[in-house]
Amino acid sequence: MMLVAVTGGIGAGKTTVLEQFARCGAQVADADALVHRLYEPGSDLHAALIERWGERVLSAAGQLSRPAIAEIVFSDPAELQWLNGVVHPRVRQLITDMAAVARPALFCAIPLLFESGWESDMSCTVAVWCDPVTQRQRLSRRGWDEREMTRRISQQLSMDEKLRRSDYGIVSNCSWDLLAEQCQLVYQRVLERSCAQQNA
Ligand SMILES: CC(C)(COP(=O)(O)OP(=O)(O)OC[C@H]1O[C@@H](n2cnc3c(N)ncnc32)[C@H](O)[C@@H]1O)[C@@H](O)C(=O)NCCC(=O)NCCS
Ligand SMILES: Nc1ncnc2c1ncn2[C@@H]1O[C@H](COP(=O)(O)OP(=O)(O)OP(=O)(O)O)[C@@H](O)[C@H]1O
């Protein structure tokens, strides 16, 4: 099994890099998207979140409202810790199951890789990095104000630290061509590493 984590700060460019790896032929997954699927009506998490927070986290259509959940957990560390505690084991298991059948490797975007202590599950790790000014410009385009950006960023390790702890790094505040070239190079290196590990 070869599982490659693509990590980095919020808005660093993980999804964009993952799309480039997919173009190279990789099988890809995104932990944020997997979490969103785990929240669908009928799931045990849907029920657990309503039991804890009541109707205020429900939309009119009966879906869990992510903005409402974000408002609760990013203003109260105890609630964030509770949510992480119920969500992370489930998403970790899902990713492990997907990686077990992926060939030659699964590349998975995992924003909280180091914060959650999952790095030991990984064959290798790739950090996506951009400078903090670019990061905030990108996040403001999502309609997030300074408060929303700061409270999310403050729940994570810095992008510098994520880069320092990773096997490979990709800088995303550059031209699209240069970003694509970096992704191709890292993809080749990761596959060479995978072959070397399997032949060892
Ligand atoms: C709080 C929620 C409902 C907000 O949903 P929303 O659609 O606004 O954001 P989305 O899920 O797309 O995440 C965007 C980014 O926020 C950051 N973020 C999300 N959850 C967390 C968290 N628990 N701690 C710190 N940062 C987080 C990540 O950088 C992520 O890439 C959602 O992020 C969530 O359920 N988080 C808890 C699960 C989790 O830790 N997910 C991260 C992947 S393991
Ligand atoms: N080289 C680049 N040039 C211009 N824009 C870029 C570049 N790389 C990424 N972006 C833009 O930056 C924004 C954030 O990128 P992306 O959504 O991939 O980040 P992310 O790390 O997945 O974010 P999050 O963790 O918050 O979901 C996107 O709008 C993307 O198009």
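The shown structure was predicted, so the numbers you read here are calculated from the model rather than taken from an experiment.

### A short note on the site of ligand 2
- In the vicinity of ligand 2, 14 residues are found, and the nearest of them are Lys 14, Thr 15, Thr 16, Arg 142 and Cys 174.
- Here an oxygen atom of ligand 2 and a backbone polar atom of Ala 12 are 3.2 Å apart.
- Interatomic distance of 2.8 Å between a backbone N/O atom of Cys 174 and a nitrogen atom of ligand 2.
- For ligand 2, whose unbound accessible area comes to 640 Å², protein coverage reaches 75%.
- At the level of secondary structure, the elements contributing two or more residues to the shell around ligand 2 comprise helix H1 (14–24) and helix H9 (176–199).
- Sort the elements by how many residues they give to the shell around ligand 2 and H1 lands first, with three residues.

### Re the sheet that holds strand S3 (residues 106–109)
- Read across the open sheet, the five strands follow the order S2-S3-S1-S4-S5; overall the sheet is parallel. Sheet topology places strand S2 (27–30) and strand S5 (168–171) at the edges, where each strand pairs with a single neighbour. Averaged over all adjacent pairs, the angle separating strand axes in this sheet is 20 degrees, with direction ignored.
- Two elements, strand S1 (residues 3–8) and strand S4 (residues 124–129), share five bridges in a ladder whose sense is parallel. From the neighbouring strand, Thr 7 faces S4, where its bridge partner is Ala 127.
- Where helix H2 (residues 31–38) meets the sheet, its contacts fall on S2 and S3, and the angle it forms with S2 comes to roughly 60 degrees.

### Digging into the pairing of S1
- Extensive coverage of S1 is indicated by the burial of six of its six residues.
- By the alternation rule, side chains of S1 split into Leu 3, Ala 5 and Thr 7 and Val 4, Val 6 and Gly 8, which are all buried.
- Both S1 and S3 contribute to a ladder of four bridges, which runs parallel. By the bridge assignment, Val 4 is partnered in S3 with Phe 107.

### What to know about the site of ligand 1
- Ligand 1 sits among 19 residues. The nearest are Asp 32, Tyr 39, Arg 66, His 88 and Gln 156.
- In the environment of ligand 1, an oxygen atom lies 2.4 Å from a nitrogen or oxygen atom belonging to the side chain of Tyr 39.
- Between ligand 1 and the protein, one listed contact pairs an oxygen atom with a side-chain N or O atom of Arg 152 at 2.8 Å.
- Coverage of ligand 1 by the protein chains reaches 92% of its 770 Å² of free accessible surface.
- When residues of the shell around ligand 1 are assigned to their parent elements, the largest contribution, five residues, is made by helix H5 (residues 77–101).
- For the shell around ligand 1, a count of residues per class yields 11 nonpolar, five polar and three charged.

Calculation criteria
- Residues numbered from 1 in each chain as written.
- Chains lettered and ligands numbered in written order.
- Predicted model: local features only at pLDDT ≥ 70, side-chain atom pairs only at ≥ 80, totals over all residues.
- Heavy atoms only, no water.
- Near = heavy atom within 4 Å.
- Polar contact = N/O pair within 3.5 Å; in protein donor to acceptor, adjacent residues only side chain to side chain.
- Areas by Shrake-Rupley, 256 points an atom, 1.4 Å probe, with all protein chains shown as cover.
- Helix = DSSP H or I, 4+ residues; strand = E, 2+ residues; numbered from the N terminus.
- Pairing = 2+ DSSP bridges.
- Axes fitted to C-alpha atoms, helices over the stretch in contact; angles between N-to-C directions.
- Contact = heavy atoms within 4.5 Å.
- Buried < 20%, exposed > 50% of the residue type's maximum accessible area, 1.4 Å probe, protein only.
- Nonpolar A, V, L, I, M, F, W, Y, C, P; charged D, E, K, R; others polar.

Purely spatial values, then, with no claim about function.
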